[in-house]
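Now for the letters of each chain:
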Amino acid sequence: MPTLSRPAYGESSKRTAVERTIRNTIISLVKGDITHEQTDAIVNAANARLAGGGGVDGAIHRAGGPEIMEACRKIGGCPTGSAVITAGGRLKARFVIHAVGPVYSDGRHGEDRLLSGAYAASLELALQHDLHSIAFPAISTGIYGYPIDKAARIALETVAGFLRARDGLTLVRFVLFSDSDLAVYRQTVQQIAGDREAQDRRTRGPGD
Ligand code: APR
């Protein structure tokens, strides 16, 4: 009997629960270090100067080597809510997409729109470069202070909306750095599914 072979996307594929699929794309959630991912691209939580820093940004530059910073210097910067792409240097991923999320202040300074923009711009760049798999960290939820539950909903809804409209990606993976962040993402996936079911029921109306 033929077995279905699945592309290998690195060590986390062993720990991956497929949380849901949207059209032809798998969305998965894992706990881990994003620098180990073998997706075509990994996303960096960068700053607008592309100047490097701590957190996941520091880890990516350390693991990928100086080639990534050289490429960032040439690009020069990236507005908050958008993203740029460089080669992946020594990383297993061929590309790094540097996405700039907002610093969270009180939620009234366009943070949601900017965070959503960072995810959408990253996905757009992946398609422009004909990439099929991408791994995201929880952008803005570390040094930039975005509450994880709010950020998870924006990340998951933005990705889901994009995948409903656009073809080309086979895997979008969220790589969370702690058990508690992973738990929030899992819970948010359930909540979004529940919200959609309720909305579908309302649209169909009673007795349908
Ligand atoms: N793999 C996956 N996730 C990681 C890793 C890693 N190796 N290291 C940290 N994280 C997680 C953090 O736990 C957090 O949930 O990434 C998330 C984003 O945190 P930060 O890296 O602090 O990013 P952000 O909040 O967007 O702040 C960006 O920090 O380092 C600077 O240059 C960066 O100025 C920019 C700012």
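Everything discussed here concerns the structure shown above.
Here the structure is a predicted model, which is why all the values come from computation and not from measurement.

Peer 1: Is there a simple way to think about the overall build of the protein in this case?
Peer 2: Along the protein, the regular secondary structure elements total five helices and seven strands. Put simply, the protein runs from its N terminus to its C terminus through helices and strands in the order β-β-β-α-α-β-β-α-β-α-β-α. Its C-alpha radius of gyration of 17 Å places the protein within 12% of the 17 Å reference for a compact globule of 208 residues. Across its three principal directions, the C-alpha atoms of the protein cover 60 × 55 × 30 Å. Put simply, 70% of the contacts in the protein that link residues at least 6 apart link residues at least 24 apart.

Peer 1: Got a minute to help me understand the site of the ligand in this structure?
Peer 2: Neighbouring the ligand are 26 residues, the closest being Ala45, Asn47, Gly53, Gly55 and Gly142. At five residues, the largest contribution of residues to the shell around the ligand is made by helix α1 (residues 55–64). In terms of residue class, the shell around the ligand is made up of twelve nonpolar, eleven polar and three charged.

Peer 1: What should I look at first to understand the environment of aspartate 106 in this one?
Peer 2: By the element assignment, aspartate 106 lies in the loop between β5 (95–100) and α3 (111–128). According to the C-beta neighbour criterion, aspartate 106 is exposed, with 6 such atoms within 10 Å. Sequence separation between aspartate 106 and tyrosine 146 is 40 residues; the distance between their C-alpha atoms is 9.2 Å.

Peer 1: I tried to follow the packing of α1 against helix α2 (residues 66–75) on my own but got confused; where do I start?
Peer 2: Two numbers describe how α1 lies on α2: the axes approach to 6 Å, and their chain directions differ by 115 degrees. Listed contacts from α2 to Ile60, His61 and Gly64 of α1 are Glu67, Ile68 and Met69. Looking at the contact of α1 with α2 residue by residue, the class counts come to three nonpolar, two polar and one charged.

Peer 1: Explain the packing of helix α4 (residues 148–165) against helix α5 (residues 179–204) here, please?
Peer 2: Helix packing geometry: the angle between the two helix axes and the distance between the axes. Two elements in contact, α4 and α5, have axes separated by 9 Å at closest approach and are oriented at 55 degrees. Between α4 and α5, the angle falls in the class oblique. Seen along the crossing, α4 lies across α5 with a hand that is right-handed. Residue-level inspection shows Ile148, Asp149, Ala152, Arg153, Leu156 and Glu157 of α4 in contact with α5, the latter providing Asp181, Val184, Tyr185, Thr188, Val189 and Ile192. Among the residues making up the contact of α4 with α5, the classes are represented as seven nonpolar, one polar and four charged.

Cut-offs applied
Every chain is numbered on its own, with residues counted from 1 as its sequence reads. Local features in a predicted model are, by the rule used here, given only for residues with pLDDT of at least 70; side-chain atom pairs are given and counted only at 80 or more, and totals for whole chains, interfaces and linings are based on all residues. Under the DSSP-based scheme used, a helix requires at least four consecutive residues in state H or I and a strand at least two consecutive residues in state E, with every element numbered from the N terminus. What the globule rule says is 2.2 Å times the number of residues to the power 0.38, and the radius of gyration is computed from C-alpha atoms. We call two residues in contact when the distance between their C-beta atoms, placed using the backbone, is within 7 Å. Nearness here is judged by the C-beta atom: place it from the backbone, and if it falls within 6 Å of a molecule or strand, the residue counts as near that partner. Residues are grouped as follows: nonpolar covers Ala, Val, Leu, Ile, Met, Phe, Trp, Tyr, Cys and Pro; charged covers Asp, Glu, Lys and Arg; every other residue, Gly included, is treated as polar. Exposed residues have 12 or fewer other C-beta atoms within 10 Å of their own C-beta, buried residues have 20 or more, and partly exposed residues fall in between, where C-beta atoms are placed from the backbone. For helices, the fitted axis covers only the stretch in contact; all axes are lines through C-alpha atoms, and the angles between them, taken along N-to-C directions, range from 0 to 180 degrees. Should an angle fall under 35 degrees it is called roughly parallel, over 145 degrees roughly antiparallel, and 65 to 115 degrees roughly perpendicular, with every other angle called oblique. Working rule for handedness: look at the near helix, and if it is turned counterclockwise from the far one by less than a right angle, call the crossing left-handed; if clockwise, right-handed.

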